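Survey of secondary and tertiary structure
Each chain, letter by letter, is given below.
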Amino acid sequence: MQKLPLISFKDFGYSSLMKIIHQSWRFGFLIAVSIFCSQIITLPALAENDPTILLKLQETANSGIEIDVQPPRLLEATVTVKGTFENMKGTSFLPLTLDLTYGKQDFRKPFPVFKAIAKDPSKEYNWDWQYRWQIGNRGGRHNDSVAYFLPYRQGEMHAINQTYGGSFSHERGSDDEFSIDFDMPTGNVVCAARGGTVVAVRVDSNRGGPTKDFAEFANYVVIKHDDGTYGRYLHLRQNGSLVKLGQVVQARQPIGLSGGTGWAESPHLHFDVYVPISGEHKRSLPVKFVTKMGIVPMLMEGMSY
Ligand SMILES: [Zn+2]
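Attention in this report is confined to the structure presented alongside it.

**Digging into the packing of aromatic side chains**
On inspection of all chains with the given rule, the structure shows 12 aromatic pairs. Each ring, one from Tyr-148 and one from Phe-271, has its centre 6.2 Å from the other, and the planes form 55 degrees; the classification is tilted. Of this pair, Tyr-148 sits in strand S10 (residues 147-149) while Phe-271 sits in strand S21 (residues 268-276), and the two are 123 residues apart along the sequence. Here the aromatic rings of Phe-271 and Phe-289 are separated by 6.2 Å at their centres, their planes lie at 70 degrees, and the arrangement is edge-to-face. Of the two residues, Phe-271 is situated in strand S21 and Phe-289 in strand S23 (residues 288-291); the sequence distance between them amounts to 18 residues. Side by side, Phe-271 and Phe-289 carry an identical accessibility label, which is buried. By way of ring pairs, the aromatic residues Tyr-148, Tyr-152, Phe-182, Tyr-233, Phe-271 and Phe-289 are connected into one cluster. Above the plane of the ring of Tyr-274 lies Lys-282, whose end atom (NZ or CZ) is 5.2 Å from the centre.

What follows is the structure, given as structure tokens:
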């Protein structure tokens, strides 16, 4: 069970406007509203560094718009921006897919990724845009010689609730096909299945439940491996991170505490290895594990390891 809001969006990031910019989100946030001329509408305050918000649209003085990246709680993202315009021209064609990397771009303050201005400001001009994003950059190629450690302390045994192609939420052909759910009580120590660098952490949520509507409330730690793939540890408990952004971790190192945040019928750990292919989709990858029975190409549903 999984589906991270950052990663699978549905109607996430939708906005439209006619003279008034009006972004309304599934979370119920109104993010950016401004009016042409002079009037400004005050908005409910946003949580600083809200992990669900990556881009923000604002008007510019020259009858235009600018789409800015906001400082998020992650170091790498792939973003796809879509939009339609009337009487406007942009700095690039849409859809536009970008790899954003902390260090190459400064995530601590907004910076523009797309701009558009009115072709004829004396006439009406309109736009409509949306975006989706994944944690991580594109281009990774999995090193298939790597065997992964089970993501918990040695000596523990955990049952596999769902494995590759599981019908509940790891369906064949879906972005999450090659994912594994380990049965795990809340507060269990989660360990890195493979070493790497921590590129995303979210542990502020305390909400979880049995339907997709809860997906956006999942806590997680995401680790980038040296082959450019990403390991994702999902459903962590509130404040359940033992690592920091940018930290280098070794395989088997404790990285978090399990829980049931997000789309989870009961507490468990969802683990997958993936590469983003756009802001909309990622490709999960089958990986092999080191077990007491040796290295196995796949963990089997119903078995304990
Ligand atoms: Zn899962």
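Now, onward.
**Observations regarding a nonpolar patch on the surface**
Residues Met-293, Met-300 and Met-303 make up a contiguous nonpolar surface patch of roughly 300 Å² in combined accessible area. Positionally, Met-303 belongs in the segment after strand S24 (294-296).

**Some remarks on the sheet that holds S23**
Spatial ordering of the open sheet is given by S10-S23-S24, a layout of three strands whose pairing is mixed. Each edge of the open sheet is held by one strand with a lone partner, namely S10 and S24. Averaged over all neighbouring strand pairs, the angle between strand axes comes to 40 degrees, with direction disregarded. Alignment of S23 against S24, held across three bridges, turns out to be antiparallel. For Val-290, the partnering residue across the bridge sits in S24 and is Ile-295.

**A closer look at unusual backbone geometry**
Cis peptide bonds are those with omega within 30 degrees of zero, and the linkage from Leu-94 to Pro-95 qualifies with 5 degrees. Mapped onto the secondary structure, Pro-95 falls in the loop between strand S6 (88-90) and strand S7 (96-101). One non-glycine residue, Ser-63, lies in positive phi territory at about 55 degrees. Among the structural elements, Ser-63 can be located in the loop between strand S3 (55-60) and strand S4 (64-69). Look at Ser-63 and you get buried, because its relative accessible area is 18%. One non-glycine residue with positive phi stands out, namely Asn-87, at about 55 degrees. As for its placement among the helices and strands, Asn-87 is situated in the loop between strand S5 (76-86) and S6.

**A closer look at the pattern of salt bridges**
One pass over the structure, following the stated rule, counts 13 salt bridges. A salt bridge links Arg-172 to Glu-177, with the shortest nitrogen-to-oxygen separation between them at 3.5 Å. With relative accessibility at 63%, the residue Arg-172 sits in the exposed group. The exposure class of Glu-177 is buried, given its relative accessible area of 13%. Here the salt bridges share partners, and the residues they tie into one network are Asp-176, Arg-232, Asp-272 and Lys-282.

**A few points about the layout of surface pockets**
When its volume is computed, the largest pocket comes out at roughly 290 Å³. Along the wall of the largest pocket there are 16 residues; nearest its centre are Leu-150, Gln-154, Gly-155, Arg-252 and Val-290. Of the residues in the lining of the largest pocket, the class split is eight nonpolar, four polar and four charged.

**Details of the nonpolar core**
Within the largest apolar cluster, 33 residues are counted, with the highest numbers of intra-cluster contacts made by Leu-54, Leu-55 and Val-79. Domain assignment of the residues forming this core places at least three in each of domain 1 (14-135) and domain 2 (147-296). In contact with Leu-54, other than residues within four places in its own chain, are Asp-68, Val-69, Gln-70, Pro-72, Ala-77, Val-79, Leu-100, Tyr-131 and Trp-133. Judged by nonpolar contacts, the second largest core, of 32 residues, contains Leu-150, Phe-182, Val-249 and Phe-289.

**What to know about the side chain of Ser-258**
Summarising the element assignment, Ser-258 is placed in the loop between strand S19 (254-257) and strand S20 (262-263). Note on Ser-258: relative accessible area 0%, which makes it buried. Not counting residues within four places of it along the chain, the set of residues in contact with Ser-258 comprises Met-184, Pro-185, Thr-186, Gly-187, Asn-188, Val-190, His-235, Leu-236 and Arg-237.

Thresholds applied
- Residues numbered from 1 in each chain as written.
- Predicted model: local features only at pLDDT ≥ 70, side-chain atom pairs only at ≥ 80, totals over all residues.
- Heavy atoms only, no water.
- Phe/Tyr/Trp six-rings, centres within 6.5 Å; stacked < 30°, edge-to-face > 60°.
- Helix = DSSP H or I, 4+ residues; strand = E, 2+ residues; numbered from the N terminus.
- Buried < 20%, exposed > 50% of the residue type's maximum accessible area, 1.4 Å probe, protein only.
- Lys NZ or Arg CZ within 6 Å of the ring centre and 35° of its normal.
- Patch = residues over 30% accessible without salt bridge, like charges linked within 9 Å, V, L, I, M, F, W, Y side chains within 5 Å.
- Areas by Shrake-Rupley, 256 points an atom, 1.4 Å probe, with all protein chains shown as cover.
- Salt bridge = Lys/Arg side-chain N within 4 Å of Asp/Glu carboxyl O.
- Pairing = 2+ DSSP bridges.
- Axes fitted to C-alpha atoms, helices over the stretch in contact; angles between N-to-C directions.
- 1 Å grid on protein atoms, 1.4 Å probe; cavity = no way out; pocket = protein on both sides within 12 Å on 5 of 7 lines; lining within 4 Å.
- Points joined across faces, edges and corners; volume = space filled by probe spheres on them.
- Nonpolar A, V, L, I, M, F, W, Y, C, P; charged D, E, K, R; others polar.
- Core = buried A, V, L, I, M, F, W, Y, C linked by side-chain atoms within 4.5 Å.
- Domains from an automatic or database assignment.
- Contact = heavy atoms within 4.5 Å.

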